[in-house]
Each structure stands twice: as structure tokens, then as C-alpha cells.
Amino acid sequence: MSAAVKIEHLSYIYSEGMPDASVALDDVSFEIEEGQFIGVIGSTGCGKSTLISHFNGINRPTKGHVCIDGEDIWANPKDIRRFRFKVGLVFQYPEYQLFEETVYKDIAFGPANMGLDEQEIDRRVRRAAEFCGITQRVLDASPFELSGGQKRRVAIAGVLAMEPKILVLDEPAAGLDPEGRDTILGQIKTWHKETGTTTILVSHSMEDIAKYADKVLVLNAGHIAMYDETAKVFARAPELLALGLSVPEVTKVFLRLREMGLDIPADVYTIPYAVKTVLAAKATREGGSAC
Amino acid sequence: MLRDITIGQHFPGNSPVHTMDPRVKILLTIAYIVMLFIGSNPLGLAISTVFLALLYGISKIPLKLIARSIKPILPIIAFTAVLNLFLLSGSGEPLFQWWIFRIYPESIEYTIIMAVRIICLIAGTSLLTYTTSPIVLTDAIERLLYPLSRLHLPVHELAMMMTIALRFIPTLIEETEKIMNAQKARGAQLDSGTLKQRVQALIPVLIPLFISAFRRADELAMAMECRCYHGGEGRTRLKQLRLRASDVVYGLICAVVFVLIGLSNLWFPSI
């Protein structure tokens, strides 16, 4: 079976041929398998946003190919909308894209563009709204009356309602309070689990990536620095720090403990796993002292 | 697509054209435009074109940029050219005749002169905006219009409005691109579909754009008030514009060229 997303030798140059041309992506190749939850990290300006807007053909590669479900999306440029519905993209600060009179209509904008019938649109809007915790009262309100966090949820619901096979989110939790953050990311994870949607999450928060992603893609200056399972990536903490990135706080603690001579694994990146390793270490120590 | 709009786009450099006093530059540009119409004969336009090409050469602005500023007005040039070509009648025999269309030698000449004049006009004014940053430009306009404040014209306020408008053009263009991308991601047909579909697809772009423009205006007003902005009265400037010797010399050179363009009328009657 072909990969959900396959990027082949992708290069992208901004304002090519002009004096201010700059290379945003340089010969990037990788694959994402169906149903995975991928985290994308990298310092500001490393090309994360440029990369993800290639997935649904917002950016057209200067060189290379983007294949979704084994099809080159630029094989027939007139057909690009089909891939825009297959790959749902939530941009940074998506609340600025709201425009309709009511929240309901705004969420329905994507499905309506797909040419679905009324009933199907209604079903999808209600499903997406329920997932994002949008109540009937909010559905009837104007999107401009809502709070920042609510607007964000509406915007995300607007993309979820298209029920894309691949969901790409560019910092969906940026600028939200900790509770709003956890709620939104939790809802995305639930959606991922229930629908099996391939999900790509761009984030600056290592904690969030550690909590949700199966695999992590690390970008640095338009190149792929690492692409591996979450545990393996966070085990390479010194390299990540050298790239101007960070590791989850709990990983930092464990690395420091290792430096102090404790025999614990280097790939601890979530609290539950940390608790398990600490308990295991304690058990062996007690077992040892009993001898 | 939107990045091609070059009005008010500054191309930084260090040439004499760039460093010239902006007030002198504005006056010279106005004089140049006037001369384009006064010296509207083959010789006068030839001098104007060569002079402008020379200035572009000195300021080291790439040809591509000039082409980009002329591209949007090509339809207008083509439209006027066609009208001139077929609607003007000459005195002699027509060169070409078909149905109701007649082309005379005079109309060909006039068409070419008209086209060159429009191109020079756009390229000439673009030179001003390429070599002068918008902020400096409005500063100079404020200075030039200062005498009018005696007549209770709000010169400072007008200049501030222009500065703010110019300052926000790139921001709003960027914002428009972002919103367009977001709507495209939801299947809005902005880059494909029939003309009618595309016009309808603009609504989801324009509404968020207006809302964000109003929001920005509110924020800016608040920020200005926080810094005690109270209009032009008693306001001092960080950068004072001062006329230097070089400005006078370059200004005089341009003036000589303009006089030459004007004199060309003596040999060729202006059309």
C-alpha cells in the first residue's frame, strides 16, 4: 500500500529569480503512513509552515513531488481542489478566516464547497461541532461574538467538517490558555483515534508533541534533521538543543539524573512513562539492597 | 499573485538617485510628468525615454522590476492604442482600409507617441517610489505642503494618514494572502473556476480582511494614544530634511534636460 503522504525531493524557493529569493525547503523527502500521528517541530523560520502548505497544494513545489495516496497532486493542476478536500489544513490563528453570519454556516462552508447535499452537510457540521465542544447556542451565534478560544474551535471544526483523510494543524493551540490548549489538542487526538485520520501537528511545545505524536519530524533550515519515533527523537536531546529546540521538561530531568549516574533510560518523554521508570528503578534498588 | 503589486514598493539602494532629497525628487518627478506632455513630439519623447533609462541605470534597479510595474497598465495602453489607431483620421490617403476601419500614417505616429508617453509616465513615477521609502516620501510631501497649513489645511494629519495607509499596504497584502490560503484550504475557488464563481469566492476573503483592518486600526489608535500622540502641533522630528549641495547640482542637471525636452517643440510641433 502506498503511503498517505509521500514527499519526494521537495524544494521551495520564495520569489524565485528576484534579488530577495530565499530557499525555504531544500530537497526534502519523507513518507507518512496512513493513520499515524506525526509531530513537526523546528525553530521559527525553518520551513514548517511552508512544508505543510505543500500537502494540499497551497504552495506549488519549485522542484520535486507531493504525492497523496500515491497520486502526484500537481499531475493535473485543475484537479487540485480534490486534494484540498482530502487534506484538511488548519493554518496558524485560523480564527481570522471566519466570515459567515452564523457559526453553523461557517462550519458548513467547506462541506458546501465539496458539493455535498444538505443532509450530509448538516450531519458533518453537527458531528464536527460536537467534537469541538460547540453547543447549539454557539452554532446559532455570529462567529464574531465569540471568545478567542471559541473562535479557534469553530475554525478547526470548519476543517474537520470536511472529514479529510489527512488532517494538518499548524500550531492549533498557539495563544490559548493551558486549559484551552489541552481541550483542543485532546479533541484532535480523540478525532484521530476515532476516525483513523492521519494527523500532522506542528507545534512549538515539546510537551504537546511528546504527549500526542507517534513520530516526530524535526526540520532545520529547510532540511530534515530527524524523522523517527517520538522516543528516539527525544533521546537525542543534545542534538535537539543544538538546533535551538528543546525537549520536554521531564526528559530534561531524566537526562540530568542520568548524568548524575542513575541507570535509567534516556528516552523518557511523558509523565506516565516517567512514573513507570522511576518505580521500576526503585524496585530494582530495593531488590538490590535486600540482597 | 498579490506580491506583484509594486505601488509604494521600495527597492533599497545607495545610488545618487536614492540618496537625493525626497522633496527635490518629488518636484522633479512632477516636472518630468509635465514635460512629457509639453514635449510630446518624437524628439522630446526620445530625450525623456533616454533620460529615464539613464536614471534607472544609475539607480541599479533591475529591468524585471520595471517590467512588473508596467505590466498591470498594459491593457490600458493596448486599449488606447487600438482606439487611437482606428478612430483618428489623417489628412492624406489611408494606409489601410477595411470595412469602416481606416488607418492613417498620422494615427500610427500618434499611437506610438501615446504609448511611449504612458509607459514613461508610469516608469517615471515608479522610479520615485522605488528609490524613496514610503515614510520618507510622505515626510517630504508634508514638508512641501506645509505652507498650506496657513490656510488651515490639516497637512500633518493628511501626511500621517498617508504614512499609515502606506505602512499597512504590505501588512494587508500579507493578511489577504493568509486569508485566501485558509479559504482555499476549505475549497474556495479562488484560483480556479469560472469568473462568476471567483467573484463570489471573494466574499469569504473580503469580510475577514475588513474585520482585521478595523481591528488593526483600533489597536493602532490605542497605541498612538498611549504614546501621547496629539497631532502635528509642537511635534518635532527625528530626521530633519536638509538640502545639500549635491541635491542642487543634480536638480539643475535634470532641469537642463527638462528645458531641452521643452525646446524640442521648436523643431517638432507638439501633438
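Just above, that's the structure.
Given the structure is predicted, the values throughout are model-derived calculations rather than measurements. (Residues numbered from 1 in each chain as written. Chains lettered and ligands numbered in written order. Predicted model: local features only at pLDDT ≥ 70, side-chain atom pairs only at ≥ 80, totals over all residues. Heavy atoms only, no water.)

*Asks:* Account for the overall build of chain B, with residues named and values stated.
*Replies:* A count of helical and extended segments in chain B gives eleven helices and two strands. The linear arrangement of helices and strands in chain B, starting from the amino end, is α-α-α-α-α-β-β-α-α-α-α-α-α. In terms of overall size, chain B is more extended than a compact globule, its C-alpha atoms giving a radius of gyration of 23 Å where 271 residues would be expected to give roughly 18 Å. Burial status across chain B gives 38% buried among its 271 residues. Of the contacts made within chain B by residues no fewer than 6 positions apart, 75% connect residues no fewer than 24 positions apart. Entry remark: accessible area of chain B is about 16,500 Å², with carbon and sulfur atoms responsible for 71%. If the 25 positive side-chain charges of chain B are averaged to one point and the 17 negative ones to another, these points end up 5 Å apart. (Helix = DSSP H or I, 4+ residues; strand = E, 2+ residues; numbered from the N terminus. Rg over C-alpha atoms; globule rule 2.2 N^0.38 Å. Buried < 20%, exposed > 50% of the residue type's maximum accessible area, 1.4 Å probe, protein only. Contact = heavy atoms within 4.5 Å. Areas by Shrake-Rupley, 256 points an atom, 1.4 Å probe, with all protein chains shown as cover. Lys, Arg positive; Asp, Glu negative; His and termini not counted. Charge placed at Lys NZ, Arg CZ, Asp CG, Glu CD.)

*Asks:* Just give me the short version of the sheet that holds strand β1 (residues 5–14) of chain A, but keep the residues and values in it.
*Replies:* All names here are of chain A. In spatial order, the strands read β2-β1-β4-β5; together these four strands make up an open sheet with antiparallel pairing. Unpaired on one side and paired on the other, β2 (22–32) and β5 (71–72) mark the two borders of the sheet. Judged from the five bridges that link them, β1 and strand β4 (residues 63–68) form a sheet pairing that is antiparallel. For Val5, the partnering residue across the bridge sits in β4 and is Ile68. (Pairing = 2+ DSSP bridges.)

*Asks:* Tell me about the environment of Asp106 of chain A, residues and numbers included.
*Replies:* All names here are of chain A. Mapped onto the secondary structure, Asp106 falls in helix α3 (residues 103–113). For Asp106, a relative accessible area of 0% translates into the label buried. Taking the C-alpha atoms as reference, Asp106 lies 28 Å from Gly35; in sequence the two are 71 residues apart.

*Asks:* So what about the nonpolar core? Which residues, and what values?
*Replies:* Residue and element names in this part refer to chain A. Core analysis: the largest hydrophobic core is formed by 52 residues, its most contacted members being Ile41, Val103, Ile107, Ile134, Val218, Phe234 and Leu240. Looking at this core, the element that brings in the most residues is helix α6 (residues 148–160), giving six residues. Look past the residues within four positions of Val218 in its chain and what remains in contact with it is Ile41, His223, Ile224, Ala225, Met226, Val233, Leu240, Leu243 and Leu245. If you look at the next biggest cluster of nonpolar residues, it comprises 34 residues, including Val5, Tyr12, Leu51 and Val87. (Core = buried A, V, L, I, M, F, W, Y, C linked by side-chain atoms within 4.5 Å.)

*Asks:* Got a sec to walk through the layout of surface pockets? Specific residues and values, please.
*Replies:* Residues and elements named next belong to chain B. Roughly 1,100 Å³ of internal volume is contained in the second largest pocket. Asp139, Glu142, Met160, Arg235 and Arg237 are, among the 33 residues lining the second largest pocket, the residues nearest its centre. Looking at the lining of the second largest pocket, the elements with two or more residues in it are α7 (134–145), α8 (155–185) and α10 (203–226). Among the elements that make up the lining of the second largest pocket, the one with the highest residue count is α8 (nine residues). When its residues are assigned to classes, the lining of the second largest pocket shows 16 nonpolar, eight polar and nine charged. Two domains share the lining of the second largest pocket, each providing at least three of its residues, namely domain 1 (2–146 + 242–267) and domain 2 (158–226). (1 Å grid on protein atoms, 1.4 Å probe; cavity = no way out; pocket = protein on both sides within 12 Å on 5 of 7 lines; lining within 4 Å. Points joined across faces, edges and corners; volume = space filled by probe spheres on them. Nonpolar A, V, L, I, M, F, W, Y, C, P; charged D, E, K, R; others polar. Domains from an automatic or database assignment.)

*Asks:* Residue-level account of the pairing of strand β10 (residues 223–229) of chain A, with values.
*Replies:* All names here are of chain A. Sheet topology places strand β9 (residues 215–220) next to β10; six bridges connect them, and they run antiparallel. Looking at the pairing, Asn220 lines up with His223 of β10. Remark: two residues form the turn of the hairpin made by β9 and β10, two consecutive strands paired antiparallel; Ala221 in that turn has positive phi of roughly 50°.

*Asks:* If you had to explain the interface of chain B and chain A to someone new, which residues and values would you point to?
*Replies:* On the side of chain A, 22 residues touch chain B, which itself brings 21 residues to the contact. Overall, the association of chain B and chain A removes approximately 1,900 Å² of surface from exposure, summing both partners, and the carbon and sulfur fraction of that is 61%. On inspection of chain B and its partner chain A, the count reaches one salt bridge. The shortest N-O distance in the salt bridge between Asp106 of chain A and Arg186 of chain B comes to 3.1 Å. (Buried area = accessible area lost by both parts, 1.4 Å probe. Salt bridge = Lys/Arg side-chain N within 4 Å of Asp/Glu carboxyl O.)

*Asks:* Kindly report on the side chain of Arg23 of chain B, identifying the contributing residues and their values.
*Replies:* With respect to the secondary-structure elements, Arg23 of chain B resides in helix α2 (residues 22–38). If we ignore the near neighbours within four places in the chain, the residues touching Arg23 of chain B are Ala140, Arg143, Leu144, Leu241, Arg242 and Leu243 of chain B.

*Asks:* Now, about empty space enclosed by the protein: what can you tell me, with residues and values included?
*Replies:* Residue and element names in this part refer to chain A. Evaluated as defined, the whole model comprises one cavity of 30 Å³ or more. Within this model, the largest cavity holds a volume of roughly 30 Å³. Together, Cys132, Arg153, Ile156, Ile184, Gln187 and Ile188 line the largest cavity. Examining the composition of the lining of the largest cavity, we find that three residues originate from one element, helix α7 (residues 178–195), more than from any other.

*Asks:* Kindly report on a nonpolar patch on the surface, identifying the contributing residues and their values.
*Replies:* Residue and element names in this part refer to chain B. Together, Leu43, Val256, Val259, Leu260, Leu263, Leu266, Trp267 and Phe268 give the surface a local cluster of nonpolar side chains, amounting to about 810 Å² of exposed area. In terms of residues, the nonpolar patch owes the most to one element, helix α11 (residues 245–267), which gives six residues. Mapped onto the secondary structure, Val259 falls in helix α11. (Patch = residues over 30% accessible without salt bridge, like charges linked within 9 Å, V, L, I, M, F, W, Y side chains within 5 Å.)

*Asks:* Now, about the environment of Thr190 of chain A: what can you tell me, with residues and values included?
*Replies:* Residues and elements named next belong to chain A. Along the chain, Thr190 turns up in helix α7. Judged by relative accessible area, Thr190 falls into the partly exposed class, the value being 34%. Along the sequence, Thr190 and Phe131 sit 59 residues apart, while their C-alpha atoms lie 8.4 Å from each other.

*Asks:* Explain unusual backbone geometry to me, and be specific about the residues and the numbers.
*Replies:* Comment: phi is negative for the bulk of residues other than glycine, and the bulk of peptide bonds are trans. Of note, His9 of chain A is a non-glycine position whose phi angle comes to about 45°, a positive value. Relative to the helices and strands, His9 of chain A resides in strand β1. Within the chain, Cys228 of chain B stands out as a residue other than glycine whose phi angle is a positive 60°. Within the secondary structure layout, Cys228 of chain B lies in the loop between α10 and α11. Under the relative-accessibility criterion, Cys228 of chain B is labelled exposed at 58%.

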